[in-house]
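Results of the structural survey
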Amino acid sequence: MDYDVLILGGGIIGCAVAYELSKYNINIALIEKDYDVANDISFTNAAITYDGSEAKDEYMANLESMGTRLIKEHCQKFNIKYDKIGSLRISQNDANYNTIEYMYKNSKKRGIDGIRILNADEIYEIEPNLKMKVTKALYSENTAVISPYNLVVSYAEVASDNGVNFRLEEEVIDIKNISKGFKVTTNKNKFTCKFVINTIPNENFNDKCCGTMPNRKNNKMKYILLNDKLENSKSTIIINDINKETFVMSIPTSSRRNLIGIKSDDYLGLESELELSKSILEYIKKELIANIFTETYNENSIIIDDSSLNDGYIKVIGNHYAKVTIAPAIAKDIEEKLKISMNMTEKRDYIDKKREIYVFRNMSNEQRNKIIALDKRYGNIICSCNNVSEGEIIDSIRRPLGARTVEGVKRRTGIGLGNCNGASCNMKIIKILAREMNKSVLSIVDDSMDSRILVGRIKEFNEI
Ligand SMILES: Cc1cc2nc3c(=O)[nH]c(=O)nc-3n(C[C@H](O)[C@H](O)[C@H](O)COP(=O)(O)OP(=O)(O)OC[C@H]3O[C@@H](n4cnc5c(N)ncnc54)[C@H](O)[C@@H]3O)c2cc1C
């Protein structure tokens, strides 16, 4: 067999599974069709870790509360910012109040601590900047905001350092049972393995091993990222249920910006979306918008289908709005299952540590001078909005599983995500990527194979 375990898909679930299994004496590869891991993570790069109080069923609630515990532990281990800012689901009328009372009772039944129903005085004490009239709110002190991309890249880097073979740019096109294992065919290779863990949510290849879950409706979620000039910005996540189909939420991100999320079945248009957002952020206006994204928001449940466990096949089916939160819990569950069915032993030389990263903007002047003395490229600021240096960009490319695309550099370093939206640094990133990878600038892509940025030269200069 080529591998003991093949993990299909390099999203957060695939990488979390690779991380958990990399501590065992088994031969593992992860197959991902894109240039980079975690390509599907929302570009807003701010994920809420949910505590299970809002989950529709007990199964998802358990996964969320276990996932939240594990994420907190992993953020500490990998030195990732974990902002435990809490959340307020506010109520302005009887229908809202019934919802939050129902959620409160559920969280008590589920044994989730740190959940309270607050009256108006208590709400304004927690969020003094909230100006709208609110009578009650469901408060969770457990909710946090993290950078999901940093978490996935940390899982992948540690797994890679501990021997997991990441096969990027390979697309799985077929899986077949063979005697005592599987044959997995990609667009480039054929591999045999004893065990397959399929984390590809909606695959369109021939998977004869397992069924698929019917997709429920995909909802559209509009995100509006504001710059840091907003007056009276909030420090807690605030969710305002407008009606059964529509809610608006405000998420303070770690870079002191506010992210507004609006879920609605109807097309609203920017003016109406801003009007809805004013219920929470009263000073919001067009001039403060740094970026707008539309993403698909999914309320399916997740199933870890282990019905073919004895044959060596597990499939994670479905999509869910809290998939970042539950990913480490799913990975633990899969680890436990494989421990029994594959009789795995732990590596003696396992290193559960991510290589150091120097983030120039978070350093003191003394630390900056030290690192510039070691490598003067840390003194060359490429992004003046977010203070990102050339040294950090080069490190993001040279690390294990380093960035290969402009988006990969942006997500790893925070460059290009400032108020200029990359207008002044995109070309510089392309040049550094081309130089580091010894490629032509014309071959550098934004994020996927068909996203080349420069179509050609208009004149042949030595430098562009
Ligand atoms: C708008 C939005 C907001 C969100 N907010 C939150 C939040 O606040 N909190 C939270 O916990 N979660 C949140 N999530 C959930 C979370 O970000 C994503 O659902 C999650 O990143 C998906 O992870 P995944 O590993 O299952 O899937 P994916 O990231 O989709 O991973 C699957 C991988 O498989 C690869 N692949 C597909 N087909 C093939 C093939 N044939 N061969 C090889 N590879 C293949 C894909 O390229 C992909 O990398 C949000 C999601 C969205 C859309």
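Residues numbered from 1 in each chain as written. Predicted model: local features only at pLDDT ≥ 70, side-chain atom pairs only at ≥ 80, totals over all residues. Heavy atoms only, no water.

1. Structural notes on the packing of helix α5 (residues 148–161) against helix α10 (residues 406–413)
At their nearest, the axes of α5 and α10 sit 9 Å apart, and the two run at 105 degrees to each other. Put simply, α5 runs roughly perpendicular to α10. In contact with Tyr149, Asn150 and Val153 of α5, α10 contributes Gly408, Arg411 and Arg412. For the contact of α5 with α10, the per-class residue count stands at 2 nonpolar, 2 polar and 2 charged. (Axes fitted to C-alpha atoms, helices over the stretch in contact; angles between N-to-C directions. Helix = DSSP H or I, 4+ residues; strand = E, 2+ residues; numbered from the N terminus. Parallel < 35°, antiparallel > 145°, perpendicular 65-115°, else oblique. Contact = heavy atoms within 4.5 Å. Nonpolar A, V, L, I, M, F, W, Y, C, P; charged D, E, K, R; others polar.)

2. Observations regarding the pairing of strand β15 (residues 237–241)
The buried fraction of β15 amounts to 5 of the 5 residues, a majority that puts the element mostly inside the structure. Here β15 shows a buried face lined by Ile237, Ile239 and Asp241 and a second buried face lined by Ile238 and Asn240. Here strand β5 (residues 87–91) pairs with β15 via 4 bridges, running parallel. Within β15, the position partnered with serine 87 by the bridge is isoleucine 237. Alignment of β15 against strand β16 (residues 247–252), held across 4 bridges, turns out to be antiparallel. By the bridge assignment, asparagine 240 is partnered in β16 with valine 248. Between β15 and β16, which pair antiparallel and follow one another directly, the connecting turn spans 5 residues. (Buried < 20%, exposed > 50% of the residue type's maximum accessible area, 1.4 Å probe, protein only. Pairing = 2+ DSSP bridges.)

3. Digging into the site of the ligand
Around the ligand, 29 residues are found, and the nearest of them are Glu32, Asp40, Tyr321, Lys323 and Thr325. Isoleucine 12 is positioned with one of its backbone polar atoms (N or O) 2.9 Å from an oxygen atom of the ligand. Compared with its free state, where it exposes 1000 Å², the ligand has 91% of that area covered by protein. Of all elements in the fold, only α1 (12–21), β3 (47–49), β18 (289–298) and α7 (323–342) reach the threshold of two or more residues within the shell around the ligand. Here the shell around the ligand takes 3 residues from α7, the largest share from any one element. (Near = heavy atom within 4 Å. Polar contact = N/O pair within 3.5 Å; in protein donor to acceptor, adjacent residues only side chain to side chain. Areas by Shrake-Rupley, 256 points an atom, 1.4 Å probe, with all protein chains shown as cover.)

4. Points about the packing of α10 against helix α11 (residues 426–437)
At their nearest, the axes of α10 and α11 sit 10 Å apart, and the two run at 105 degrees to each other. Relative to α11, the element α10 lies roughly perpendicular. Within the contact between the two elements, α10 uses Val406, Val409 and Lys410 and α11 uses Asn426, Ile429, Ile430 and Leu433. A class-by-class count of the residues in the contact of α10 with α11 yields 5 nonpolar, 1 polar and 1 charged.

5. Overview of the domain arrangement of the chain
Annotation of the chain at the domain level lists domain 1 (3–42 + 148–215 + 301–342), domain 2 (81–141 + 216–297) and domain 3 (360–443). Between the C-alpha centres of domain 2 and domain 3 there is a distance of 33 Å. The interface of domain 2 with domain 3 comprises 6 residues on the first partner and 4 residues on the second. Both sides together, the interface formed by domain 2 and domain 3 hides about 300 Å², and carbon and sulfur atoms give 15% of it. Considering only the side of domain 2, the residues that lose the most area to domain 3 are Arg257, Ala290 and Asn291, jointly responsible for 74% of the buried surface there. Connecting domain 2 to domain 3 are 0 salt bridges. Taken together, the connections running from domain 2 to domain 3 amount to 0 residue pairs in polar contact (both at pLDDT 80 or more). Taken together, the residues that form the side of domain 2 that touches domain 3 break down as 1 nonpolar, 2 polar and 3 charged. (Domains from an automatic or database assignment. Buried area = accessible area lost by both parts, 1.4 Å probe. Salt bridge = Lys/Arg side-chain N within 4 Å of Asp/Glu carboxyl O.)

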